[in-house]
Amino acid sequence: MIKEFRRNWHALCDSERTTVCGADSMLLALQLSIAENNKQHSGEFTVCLSDVLLTWKHLLHDKLNLPVENMEVVDHYKDIRRTYDNFLKNSNMLDLIDVYKKYSVLTSNCGNNANISPYQLRDFLSGRWSAVDDETDLYVPTSPVSKDNQDNEKVKLLVKKIIYSYLKLLVNSKDDLALAHILNIPDRGLGREAFTDLKHAAREKQMSIFLVATSFIRAIELGGKGYAPSPSDPLRTHVKGLSKFINFIDKLDEILGEIPNPSMAGGQLLSVIKMQLIKDQNSRDPFYKAVEEVAQDLDLRIKSIINSQGGDIAASNTDISPARPKSYAINHGTAYCGRDTVKILLVLLDEEAASAPTKNKVELLYDDENTIHHNGTSILTLFRRCKFICWKTDNWNKFWKCSSGQK
């Protein structure tokens, strides 16, 4: 289904770099949409798990045009749906249901019927297919899983999310969810306060968070007196961390643009991301081992994708926009490279989007900074806006302090 969508993207979407939002990302986007709606109606950017799951069930039926009569639904569902749709649109993403609908139109125009029904897609997104698979093995004795093995598996899943997020942002710079996962991994001093400042600036300028960060750093590095950001710009507090982040993404872009061979480029991208993540880490740390293992697995998967496509992907036939050229060399050769690699990365990301949803919804949605390794913060916590209280100093100059104590 997704492969057919890619082949016909010209007729189905506006951008060749549109990424597909899998089940887990759909649920995270819905959680943020409900929290935003609650913020507007009750003043609190928060949402309980039961409301997320209830709305999730209704959303699947609503988008797939399945019966919704007698289904329980949370208040202001239409507002939540509108917020959810706008979030995906602004992030240049389509969820799996959007892809399914476009695929269904395509197959109907060709006189073929889609090989998946709306009920099957609903069951897949809600995790029912994996549940059925588990039930077939109910009577097979299972080996006990140690606490260490569980923790190691959790770390490996986290590392996959981090590396995939770097690749997603490289392909689709409007993906705010991907950016949220990696902005401060590894630690760049860009915690919740920095993300909040970026998000506010992005909302004011109606730009993606990454573009706001990039524009700010470019203005600092290249701009003259008339173009430099204002001294009072809140982002100036985070110049060092933002510069590290943008320069690292620039490095990945440079690899993408200057190495024409997709296999070599993919391997180099993974190697650079791996070295960034394990820098200053203990080689015996589970995170270190997980990074090496996941990077190796993805490198092999990239090579497998290339081999499955004959190993000969003509750049002229990919219809993929090239890597972004360096800021100082608009006509640099990099403007014409990277097409093949982007195509391969899109296949890799599409496979990830089509993977089965996470079973433990609590861990997916509500893991916080106390349970996530290596400077991670839950998406809900990052997107939550601080409550600001105005304080007055003795000389009546105002300064602001948020409820978490940040000035």
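Predicted model, so just to flag it, every value in this text is computed and none were measured. (Residues numbered from 1 in each chain as written. Predicted model: local features only at pLDDT ≥ 70, side-chain atom pairs only at ≥ 80, totals over all residues. Heavy atoms only, no water.)

### Considerations on the nonpolar core
- Within the largest apolar cluster, 108 residues are counted, with the highest numbers of intra-cluster contacts made by M26, L125, Y166, F245, L252, L277 and F383.
- For this core, the element with the most residues is helix α9 (residues 147-171), which contributes eleven residues.
- Apart from residues no more than four positions distant in its own chain, F383 is found in contact with L32, F45, F87, D176, A180, F195 and K199. (Core = buried A, V, L, I, M, F, W, Y, C linked by side-chain atoms within 4.5 Å. Buried < 20%, exposed > 50% of the residue type's maximum accessible area, 1.4 Å probe, protein only. Helix = DSSP H or I, 4+ residues; strand = E, 2+ residues; numbered from the N terminus. Contact = heavy atoms within 4.5 Å.)

### Description of the packing of helix α11 (residues 192-205) against helix α12 (residues 209-222)
- Interaxial distance between α11 and α12 falls to 9 Å at its minimum, and their mutual angle equals 100°. Here α12 runs roughly perpendicular to α11, going by the angle between their axes. Residues F195, L198, K199, A201 and A202 of α11 lie in contact with α12, whose contacting residues are I209, V212 and A213.
- Grouping the amino acids of the contact of α11 with α12 by side-chain chemistry returns seven nonpolar, no polar and one charged. (Axes fitted to C-alpha atoms, helices over the stretch in contact; angles between N-to-C directions. Parallel < 35°, antiparallel > 145°, perpendicular 65-115°, else oblique. Nonpolar A, V, L, I, M, F, W, Y, C, P; charged D, E, K, R; others polar.)

### Digging into unusual backbone geometry
- The linkage connecting I185 with the following residue, P186, adopts the cis geometry, with an omega of 0°.
- Considering the arrangement of structural elements, one finds P186 in the loop between α10 (176-182) and α11.
- Even without being a glycine, Q206 presents a positive backbone phi close to 55°.
- Mapped onto the elements, Q206 comes out in the loop between α11 and α12.
- The exposure class assigned to Q206 is exposed, which follows from its relative accessible area of 74%.
- Its identity as a non-glycine residue notwithstanding, D280 has a phi of 65°, on the positive side.
- Within the secondary structure, D280 is located in the loop between α14 (262-278) and α15 (286-308).
- Owing to a relative accessible area of 76%, D280 belongs among the exposed residues under this scheme.

### Re the packing of aromatic side chains
- Inspection of every chain in the model, using the stated rule, returns four aromatic pairs.
- Between F87 and F383, the ring centres sit 6.4 Å apart and the planes meet at 70°, which makes this aromatic pair edge-to-face. In this pair, F87 sits in helix α5 (residues 77-90) while F383 sits in helix α18 (residues 379-383), placing the two residues 296 residues apart along the sequence.
- With a relative accessible area of 15%, F87 lands in the buried category.
- With 4.9 Å between their ring centres and 70° between their planes, F195 and F383 make a pair best called edge-to-face. You can see F195 sitting in helix α11 and its partner F383 sitting in helix α18, a full 188 residues away along the chain. Across the pair, exposure class does not vary: F195 and F383 are buried alike.
- Here the aromatic cluster, defined as three or more aromatic residues joined through ring pairs, consists of F87, F195 and F383. (Phe/Tyr/Trp six-rings, centres within 6.5 Å; stacked < 30°, edge-to-face > 60°.)

### With respect to the pattern of salt bridges
- What the rule picks out here adds up to 15 salt bridges.
- The closest approach of N and O atoms between E293 and K156, which form a salt bridge, is 2.7 Å. Taken together, the residues E293 in helix α15 and K156 in helix α9 connect sequence positions 137 residues apart.
- The class of K156 is buried, set by a relative accessible area of 17%. (Salt bridge = Lys/Arg side-chain N within 4 Å of Asp/Glu carboxyl O.)

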